[in-house]
Amino acid sequence: MKTNFSQIITPHCHATAHAITEEEITLCVGDTSFLDYGGIKKKRQGYGPQGNGGNGLLLHSALAVDPEQGQPLGLLWQKVWNRQHRPQPPKKETPRQKKKRQAKARQTSRNRPFEQKASYRWVEAMQAVEKIVSPSTRSIHVFDREGDIAEVFERLNHLNNTGVVVRASHNRRLEQDPNRLWKKLEAQSIQFEYEIDLPKTKDRSARTAKLVVRCCLVQLQRPTRLADSHPLQVYAVYATEVDPPEDEDPVSWMLLTSEAVTTMEMAQTILRWYTYRWRVEEYHKILKSGTQVERYRLAAEGMKTLLGFLCVTAVELLRWTYLERTSPQRPAQDVVTPLQIKVLRAKTSKVPKNLTVAWAVKAVARLGGYLEHRRNTPMGIQVLWKGWAKLNLLVEGWQLATQET
């Protein structure tokens, strides 16, 4: 019997859900990554079109994150799929026929059920996570602008333990209000100023930003397709940066949330939670640059199976890197098994009395080629990946030699 992607990911997601059972709130940060396999000239069936002539898979991840420190905890849901190739246009098609065909295709696309559209993945994640997380834990989903769809807010009316923080993309109309969303918030008085640490992204350097913040309760106008639904009532938190660096664009966040923002402290919490959304982007970066998921050349079904293993590995490496930064003195057993500790002890010349997370992560990195004496050289994800792979080979050899399990 062949193992598929779901059979690998599902047990990990259930283990993560079990691990957060005692938590009152857990963040679930979501994002989609495009995996490009355009270099595959054969075995293209099962892959789909991407961008400018690309060929590959799409991966949507829902990553559990601690709401206090932003510590990654594991995956709660993940989905992989491919787009369908469009049929080739008829030969000798006239411009008029082409225009008519494209208009018909757009109309067909608009009339598809929501569950068949790509945007459904945001709602699908919310529903799937609520099913596996304990009712005692509230899951707050944190989405970037791509998740700003009316169905996300509408579905909250049918979920008991789910909330959202979404960065607004659309300047929406409001119910019984002549103003649109941005104008409504700009008309509010500044309620407080707040400094927040911004992580480095491809578009900006890491920095501390000074924000002015406005908040209020708004009721979004329902689109025609949701005219019979409950009101879409959310709190809006509008933060804009003052005095940004000369070479940087100012931060401007319009955040819509299901959580009641009635105090300055709660508004600050919403802003901090949104900064943790970059954890899932870091996760996808580890998947690409660490495990190098796009370098393989397999048929699509085989690639999806391998992708399951690599996705679980990548989230463990992400968890390690943050534990090493935030909780280095925790016991080593929090990141490695007792048998892995035996192997690391055997491969380490000077073993400390207390085996900590910091010791274990650096010991694994050294297996991957990390040179600790180069103090200005950060412990990168590639050496961790190589060290993790080598550790597993050493563990397998140890088991063969000693018959341990």
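See above for the structure.
Figured I'd write up the structure that's included with this text. (Residues numbered from 1 in each chain as written. Predicted model: local features only at pLDDT ≥ 70, side-chain atom pairs only at ≥ 80, totals over all residues. Heavy atoms only, no water.)

Some words on the overall build of the chain
Scanning the chain for helices and strands turns up 11 helices and 12 strands. Relative to its length of 405 residues, the chain is compact, with a C-alpha radius of gyration of 24 Å against a globular reference of 22 Å. Dimensions of the chain, computed from C-alpha atoms along their principal axes, come out at roughly 70 × 65 × 45 Å. Burial statistics for the chain: of 405 residues in total, 48% are counted as buried. Put simply, 63% of the contacts in the chain that link residues at least 6 apart link residues at least 24 apart. Summed over all atoms, the accessible surface of the chain reaches about 22,000 Å², with 48% contributed by carbon and sulfur. The averaged location of the 42 negative side-chain charges in the chain is 11 Å from the averaged location of its 61 positive side-chain charges. (Helix = DSSP H or I, 4+ residues; strand = E, 2+ residues; numbered from the N terminus. Rg over C-alpha atoms; globule rule 2.2 N^0.38 Å. Buried < 20%, exposed > 50% of the residue type's maximum accessible area, 1.4 Å probe, protein only. Contact = heavy atoms within 4.5 Å. Areas by Shrake-Rupley, 256 points an atom, 1.4 Å probe, with all protein chains shown as cover. Lys, Arg positive; Asp, Glu negative; His and termini not counted. Charge placed at Lys NZ, Arg CZ, Asp CG, Glu CD.)

What about the environment of Val 251?
Summarising the element assignment, Val 251 is placed in the loop between strand 11 (232–242) and strand 12 (252–257). Distance from Val 251 to Val 133, taken between C-alpha atoms, is 34 Å for residues 118 residues apart in sequence. Apart from residues lying up to four places away in sequence, Val 251 is in contact with Leu 198, Arg 207, Leu 211, Ala 239, Thr 240 and Glu 241.

A look at unusual backbone geometry
Located in the positive-phi region is Gln 176, a residue other than glycine, with phi close to 50°. With respect to the element layout, Gln 176 can be found in the loop between strand 7 (173–174) and strand 8 (177–180). Residues other than glycine seldom take positive phi values, yet Asp 243 does so here, at roughly 55°. Here Asp 243 lies in the loop between strand 11 and strand 12. A residue is classified by how much of its surface remains accessible, and Asp 243, at 71% relative accessible area, is exposed.

Examining the nonpolar core
The biggest cluster of nonpolar side chains holds 81 residues, and the ones touching the most others in it are Val 213, Trp 253, Leu 271 and Leu 307. Those residues in contact with Trp 253 that lie beyond four places of it in its chain are Arg 167, Ile 196, Leu 198, Val 237, Tyr 238, Ala 239, Leu 271, Tyr 274, Thr 275 and Trp 278. Counting 28 residues, the second largest nonpolar core, distinct from the first, contains Tyr 120, Leu 181, Val 218 and Leu 256. (Core = buried A, V, L, I, M, F, W, Y, C linked by side-chain atoms within 4.5 Å.)

Some thoughts on the side chain of Arg 214
Tracing the backbone through its elements, the reader meets Arg 214 in strand 10 (residues 207–220). Despite its burial, Arg 214 remains without a salt bridge, the nearest opposite charge being carried by Glu 186 at 7.5 Å. A polar atom in the side chain of Arg 214 sits 3.0 Å from the backbone oxygen of Gln 188. Non-local contacts of Arg 214, meaning those with residues more than four positions away in its chain, are made with Leu 185, Glu 186, Gln 188, Ser 189, Ile 190, Gln 191, Ala 236, Val 237, Tyr 238 and Thr 240. (Salt bridge = Lys/Arg side-chain N within 4 Å of Asp/Glu carboxyl O. Polar contact = N/O pair within 3.5 Å; in protein donor to acceptor, adjacent residues only side chain to side chain.)

Let's talk about the packing of helix 9 (residues 338–347) against helix 11 (residues 381–402)
Between helix 9 and helix 11, the shortest axis-to-axis distance is 10 Å and the interhelical angle comes to 100°. Between helix 9 and helix 11, the angle falls in the class roughly perpendicular. Across from Leu 339, Gln 340, Lys 342, Val 343, Leu 344, Ala 346 and Lys 347 in helix 9, the residues of helix 11 making contact are Leu 391, Asn 392, Leu 394, Val 395, Trp 398 and Gln 399. Counted by class, the contact of helix 9 with helix 11 contains 8 nonpolar, 3 polar and 2 charged residues. (Axes fitted to C-alpha atoms, helices over the stretch in contact; angles between N-to-C directions. Parallel < 35°, antiparallel > 145°, perpendicular 65-115°, else oblique. Nonpolar A, V, L, I, M, F, W, Y, C, P; charged D, E, K, R; others polar.)

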